[in-house]
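# Architecture at a glance
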Amino acid sequence: MRAVQFQEYGGPEVLGVGQAPEVHPGPGQVRVQVRASSVNPLDWKLRAGYMAQGKPLTSPGIVGFDASGVVDEIGEGVDDVAVGDDVFGLGSATAADQALLEVYARKPASVDWAVAAAAGVAAETSIRAFDLVGVTAGSTVLVDGGAGGVGAVAVQIAVARGATVIATAGPDNQDYLREIGATAVEYGAGVADRVRAVAPDGVDAVFDVAGKTPVADLLSLVREPAQVVTIARFDAGDSGIQLTTGRAATAGQALAETAALLENGALVIKVQTFPFSRAAEAHQISQSGHVRGKLVLIPES
Ligand SMILES: NC(=O)c1ccc[n+]([C@@H]2O[C@H](COP(=O)([O-])OP(=O)(O)OC[C@H]3O[C@@H](n4cnc5c(N)ncnc54)[C@H](OP(=O)(O)O)[C@@H]3O)[C@@H](O)[C@H]2O)c1
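Description of the structure in this document. (Residues numbered from 1 in each chain as written. Predicted model: local features only at pLDDT ≥ 70, side-chain atom pairs only at ≥ 80, totals over all residues. Heavy atoms only, no water.)

In regular strands, side chains alternate between the two faces of the sheet. Of all 10 residues in strand S3 (residues 30-39), eight are buried; the element is thus mostly enclosed. For S3 and strand S7 (residues 98-106), the ladder comprises four bridges, and the chain directions are antiparallel. Bridge pairing links Val30 to Leu101 in S7. Pairing of S3 with strand S15 (residues 294-298) involves three bridges; the strand directions are antiparallel. Considered in S15, the bridge of Ser38 is made with Val296. (Buried < 20%, exposed > 50% of the residue type's maximum accessible area, 1.4 Å probe, protein only. Helix = DSSP H or I, 4+ residues; strand = E, 2+ residues; numbered from the N terminus. Pairing = 2+ DSSP bridges.)

Here it is, written out as structure tokens:
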């Protein structure tokens, strides 16, 4: 099968489409014929060798942590989907003709393949973070970095839960934030004051998506440090804010909730698609740190 892979760590130019060995599902996994696989910042961190802890690459690395596709093989114990079903979900090495998904949900027929692929990591991460800080109907939440892959999905999930959402982005994305249901605020120096101007009593929770605003500013907006949850800051030390990584045990439920939101139009994801052969370009854009919505790779027929 073909896969978007790299033979050495480096810049986007090390990415190419090459042949990779076939994969087969283990217990609880499904294999899909991939229709789309999204780009997450973790992909370029992996490709650049930032996750390698100094160890050399011993076999080609394949990018991709989420995908949509048609199930063509199921692992032991899988009884909730069958061969031929359309699904989306989470795995690794998903930017390939075939990929294994460890967590998945059915893709509603009305939802585009690229959008379903784009939803995987972004929605599971958002729901995991919101569950940690209790974002529910009536909450006021700040999504710091609300226009990117995770942020734009987080904003809409919070709105769908009945929360009031304030979100930050750069000047070019302020209208986009309003379009997806947030009160828009510009990030950067003075951001906490700008948030207080629209939420004088502070907020019930902060979702730190970008990891760029000083922790002290985020803490000044909440009553307890644990009401701040970050996915991108590994240096918060003993500040008391919560860091979440990995996947929740409830990731499957999160994807099912996401499928329903996509189907009923509560979650709309702006996608920019690239054929596998232009993956390097997509990585270049992702690395800029100013993506609106999601970048998605599509296998060439
Ligand atoms: N821990 C986990 O489980 C987990 C899961 C997924 C992602 N992540 C991490 O979360 C981070 C975000 O992922 P993503 O997919 O959303 O990335 P992305 O699509 O590249 O979006 C990044 C966003 O950050 C915003 N931003 C840039 N500078 C900012 C600043 N100073 N203050 C606030 N926002 C700023 C950008 O807004 P503008 O475009 O308007 O400038 C953009 O919307 C990455 O570091 C990723 O690796 C972690």
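Okay, helix H7 (residues 251-263) next. Over its 13 residues, H7 extends 18 Å from the first C-alpha to the last, a length consistent with the 18 Å expected when each residue adds 1.5 Å. All buried positions along H7 are accounted for by Ala251, Ala254, Leu255, Thr258, Ala259, Leu261 and Leu262. For H7, the arc enclosing every buried residue in end-on projection is 165 degrees, short of the 170-degree limit, so these residues lie on one face. Exposed and oriented more than 90 degrees from the buried face of H7 are Gln253 and Glu263. Note on H7: the residue one or two positions beyond its end, Gly265, has a positive phi of about 85 degrees. (Expected span 1.5 Å × (residues − 1). Arc of directions from axis to C-beta.)

Turning to the packing of aromatic side chains, a few remarks are in order. This structure, assessed with the given rule, holds two aromatic pairs. Here Phe6 and Tyr9 contribute two aromatic rings whose centre-to-centre distance is 6.0 Å and whose plane-to-plane angle is 40 degrees, an arrangement assigned as tilted. Taking the relative accessible area as the measure of exposure, Tyr9 reaches 30% and is therefore partly exposed. Aromatic side chains Phe130 and Phe207 sit 5.6 Å apart centroid to centroid with 70 degrees between the ring planes, which places their arrangement in the edge-to-face category. Taken together, the residues span a long stretch of sequence, with Phe130 in helix H2 (residues 113-133) and Phe207 in strand S11 (residues 205-208) at a distance of 77 residues. For the residue pair Phe130 and Phe207, the accessibility class agrees, reading buried in each case. In this structure, Arg35 packs its charged tip against the face of Trp113, placed 5.3 Å from the ring centre. (Phe/Tyr/Trp six-rings, centres within 6.5 Å; stacked < 30°, edge-to-face > 60°. Lys NZ or Arg CZ within 6 Å of the ring centre and 35° of its normal.)

Looking now at helix H8 (residues 279-288). Considered for burial, the residues of H8 that qualify are Ala279, Ala282, His283 and Ser286. For H8, the arc enclosing every buried residue in end-on projection is 100 degrees, short of the 170-degree limit, so these residues lie on one face. Buried residues belonging to H8 abut strand S1 (2-6), strand S2 (15-19), S3, helix H1 (41-47), strand S14 (271-275) and S15. Residue Gly289 follows H8 closely and has a positive phi angle near 80 degrees. (Contact = heavy atoms within 4.5 Å.)

Once that is clear, we can look at unusual backbone geometry. Excluding glycine, most residues fall at negative phi; most peptide bonds, likewise, are trans. In this model, Gln53 sits at a positive phi of 50 degrees, which is unusual for a non-glycine residue. Along the polypeptide, Gln53 turns up in the loop between H1 and strand S4 (61-62). Judged by relative accessible area, Gln53 falls into the exposed class, the value being 70%. A positive phi is found at Ala93, a non-glycine position, where the angle reads about 55 degrees. You can see Ala93 is positioned in the loop between strand S6 (86-91) and S7. For Ala93, a relative accessible area of 25% puts it in the partly exposed group.

At a minimum axis distance of 8 Å, the contact between H2 and helix H3 (residues 149-160) shows a crossing angle of 55 degrees. Between H2 and H3, the crossing angle belongs to the class labelled oblique. Between H2 and H3 lies a crossing of right-handed hand. Residues Ala122, Ala123, Thr125, Ser126, Ile127 and Phe130 of H2 form the contact with H3, whose own contacting residues are Gly149, Val150, Val153, Ala154, Ile157 and Ala158. Counted by class, the contact of H2 with H3 contains nine nonpolar, three polar and no charged residues. (Axes fitted to C-alpha atoms, helices over the stretch in contact; angles between N-to-C directions. Parallel < 35°, antiparallel > 145°, perpendicular 65-115°, else oblique. Left-handed = near helix turned anticlockwise from the far one by under 90°. Nonpolar A, V, L, I, M, F, W, Y, C, P; charged D, E, K, R; others polar.)

In the vicinity of the ligand lie 26 residues, with Lys45, Gly149, Gly170, Tyr187 and His290 positioned nearest. Arg128 is positioned with one of its side-chain polar atoms (N or O) 3.1 Å from an oxygen atom of the ligand. Within the contact set of the ligand, an oxygen atom lies 2.8 Å away from a backbone nitrogen or oxygen of Gly149. The protein chains hide 87% of the 940 Å² of surface that the ligand would expose on its own. Looking at the shell around the ligand, the elements that each hand over two or more residues are H1, H2, H3 and strand S9 (164-169). Ranked by residue count, the leading element in the shell around the ligand is H2, at three residues. Class assignment for the residues of the shell around the ligand results in 11 nonpolar, 11 polar and four charged. Per-domain counts for the shell around the ligand show at least three residues from each of domain 1 (2-107 + 270-298) and domain 2 (124-243). (Near = heavy atom within 4 Å. Polar contact = N/O pair within 3.5 Å; in protein donor to acceptor, adjacent residues only side chain to side chain. Areas by Shrake-Rupley, 256 points an atom, 1.4 Å probe, with all protein chains shown as cover. Domains from an automatic or database assignment.)

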